[in-house]
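Descriptive structure summary
These are the residues of each chain, in order.
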Amino acid sequence: MPTRYATTSISHHGRLLDRFCTFSIFLLLLMMINTMAAQQAPGAEIVCLTVDDPNNYEAVTFLNRYATQELRPAGHSVTILEGNQPLPTDIPGLLKAVPRADLLIVFIRRATPPAEQLEAIKKHLNAGKPLLGIRTANHAFLPQGKDAKPPVGGASWPEFTPAVLGGQNTGYETQGLPYRVTRHPDAPAKTPFLKGIDPSSIRGYKSLYLVLPLAKDATPLLLGKAETDTPTQPLAWYRTYGPKQAKVFYTSLGAPEDVKQPDVIRLYNNAITWLLAD
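Report follows, based on the coordinates. (Residues numbered from 1 in each chain as written. Predicted model: local features only at pLDDT ≥ 70, side-chain atom pairs only at ≥ 80, totals over all residues. Heavy atoms only, no water.)

A word on the overall build of the protein. Scanning the protein from N- to C-terminus turns up six helices and 11 strands. Buried residues in the protein amount to 46% of all 278 residues. For the protein, contacts bridging at least 24 residues in sequence account for 70% of all contacts bridging at least 6. Summing over all exposed atoms, the protein offers an accessible surface of approximately 14600 Å²; the carbon and sulfur share of this is 57%. (Helix = DSSP H or I, 4+ residues; strand = E, 2+ residues; numbered from the N terminus. Buried < 20%, exposed > 50% of the residue type's maximum accessible area, 1.4 Å probe, protein only. Contact = heavy atoms within 4.5 Å. Areas by Shrake-Rupley, 256 points an atom, 1.4 Å probe, with all protein chains shown as cover.)

The next thing to look at is unusual backbone geometry. In most cases, non-glycine residues show a negative phi, while peptide bonds are predominantly trans. Cis geometry is adopted by the peptide bond preceding Pro178, which originates at Leu177 and carries an omega value of 0°. With respect to the helices, strands and loops of the structure, Pro178 is situated in the loop between β5 (172–173) and β6 (179–183). Looking along the chain, the bond that leaves Leu212 and enters Pro213 is cis, with omega of 0°. Structurally, Pro213 can be placed in the loop between β8 (208–209) and β9 (219–225). Located in the positive-phi region is Arg110, a residue other than glycine, with phi close to 55°. Relative to the elements of secondary structure, Arg110 occurs in the loop between β3 (103–107) and α4 (115–126).

Right, let's talk about the pattern of salt bridges for a bit. This model, assessed by the stated rule, comprises five salt bridges. Between Glu227 and Arg180 there is a salt bridge, with the nearest N and O atoms lying 3.7 Å from each other. Taken as a pair, Glu227 in the loop between β9 and β10 (233–241) and Arg180 in strand β6 lie far apart in primary sequence, 47 residues in all. Relative accessible area serves as the criterion here: at 55%, Glu227 is assigned to the exposed category. For Arg180, a relative accessible area of 45% puts it in the partly exposed group. Here Asp263 makes a salt bridge to Arg266, at a shortest N to O gap of 2.4 Å. With a gap of three residues between them, Asp263 and Arg266 both fall in helix α6 (residues 262–276), about one helical turn apart. By relative accessible area, Asp263 is classed as buried at 11%. On the basis of relative accessibility, which here comes to 33%, the residue Arg266 falls in the partly exposed class. (Salt bridge = Lys/Arg side-chain N within 4 Å of Asp/Glu carboxyl O.)

Evaluation of the coordinates by the stated rule reveals 11 aromatic pairs. Measuring from ring centre to ring centre gives 5.5 Å for Phe62 and Tyr66, while their planes differ by 15°; the resulting arrangement is stacked. Taken as a pair, Phe62 and Tyr66 lie in helix α2 (residues 59–71) at a separation of four residues, close to a single helical turn. The exposure classification of Phe62 matches that of Tyr66, with both residues buried. Each ring, one from Tyr66 and one from Tyr268, has its centre 5.9 Å from the other, and the planes form 80°; the classification is edge-to-face. Taken together, the residues span a long stretch of sequence, with Tyr66 in helix α2 and Tyr268 in helix α6 at a distance of 202 residues. In this structure, Tyr66 and Tyr268 share a single accessibility class: buried. (Phe/Tyr/Trp six-rings, centres within 6.5 Å; stacked < 30°, edge-to-face > 60°.)

With 12 residues, α4 should cover 16 Å at 1.5 Å per step; its first-to-last C-alpha distance of 16 Å lies within 8% of that length. Of all the residues in α4, the buried ones are Gln117, Leu118, Ala120, Ile121, His124 and Leu125. Here the buried residues of α4 occupy an arc of 150° about the axis, which is enough to place them on one side. (Expected span 1.5 Å × (residues − 1). Arc of directions from axis to C-beta.)

In this section: the sheet that holds strand β2 (residues 77–82). On the basis of which strands lie adjacent, the open sheet formed by nine strands has the order β2-β1-β3-β4-β11-β10-β9-β6-β7 and mixed pairing. Strands at the two margins of the open sheet, each flanked by one partner only, are β2 and β7 (203–204). Bridge analysis of strand β1 (residues 45–50) against β2 gives six bridges, and the strand direction is parallel. Opposite Leu49, over in β2, you have Leu81 as the bridge partner. Sitting on the sheet, α4 is in contact with β1, β3, β4 (131–134), β10 and β11 (246–251), with an inclination near 130° to β3. (Pairing = 2+ DSSP bridges. Axes fitted to C-alpha atoms, helices over the stretch in contact; angles between N-to-C directions.)

The subject of this paragraph is the nonpolar core. Ranked by internal contacts, the top residues of the largest apolar core, which has 79 residues, are Phe62, Ile105, Phe141, Leu222 and Phe249. In terms of residues, this core owes the most to one element, α6, which gives eight residues. Look past the residues within four positions of Leu222 in its chain and what remains in contact with it is Val181, Thr182, Arg183, His184, Leu194, Pro199, Gln233, Pro234, Leu235, Ala236, Leu253 and Leu267. (Core = buried A, V, L, I, M, F, W, Y, C linked by side-chain atoms within 4.5 Å.)

By the secondary structure assignment, Thr191 is in the loop between β6 and β7. Aside from chain neighbours lying at most four places away, what touches Thr191 is Arg183 and Leu221.

Attention now goes to the side chain of Gln117. Its location among the elements puts Gln117 in helix α4. Those residues within four positions of Gln117 in sequence are excluded, and the remaining contacts are Asp90, Ile91, Leu94 and Leu95.

Put into structure tokens, the structure is as follows:
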């Protein structure tokens, strides 16, 4: 017949065992959480340069929506910098934000900011950091008009389009829209940029940019063809820039009607994944 002492001892050891099991489970869960956190890539610091200009395709509205619906839920921190006027001569906050950026998104037109602001963008690229250009980035820092000069206190960077983006700014086709989109014949057979995308489902609803010839190291992904005699034009491509091989992706798809198409958003997302990958 068990003694009172033996019964008490068994009960005590049982409570200790329960506590040990609970503590062990807690430690196991903590280790699993720490492992998952270590495996998950940290979010990037993304800085967008844009302007509230009637000719900039509602870029400010789009970038705010894109940041809210796509970038921030993916864990990224997003700063959207707006130029001070439709043809900006200043981008407030640029000098503070750009040096911290892991990725620059450029969706701005005809900007002639102070030279030190352009220098900050050049330093970003020269450090090997990536850049995504959307539509009007094709003439981001090119003053309006042939042989136009920047205003006093401002600076231009006409070489940005051919030297950084790897394309040209030679005009646009406004007839025969919407233009049709196809996969470029030179696009790699297996490319992460077009993952989950059906190019033939995409339409371009605003002018077709004339961007040829592309830089020799640019890899085109998509083609656009208006219902006119205008030759087909590359719509999206990627390349690297500078001695440190900064990754660059550009697409002329970016009009308000364009970005309502899920495959266009998917193209942006795929590009950002590539741009931020080690």
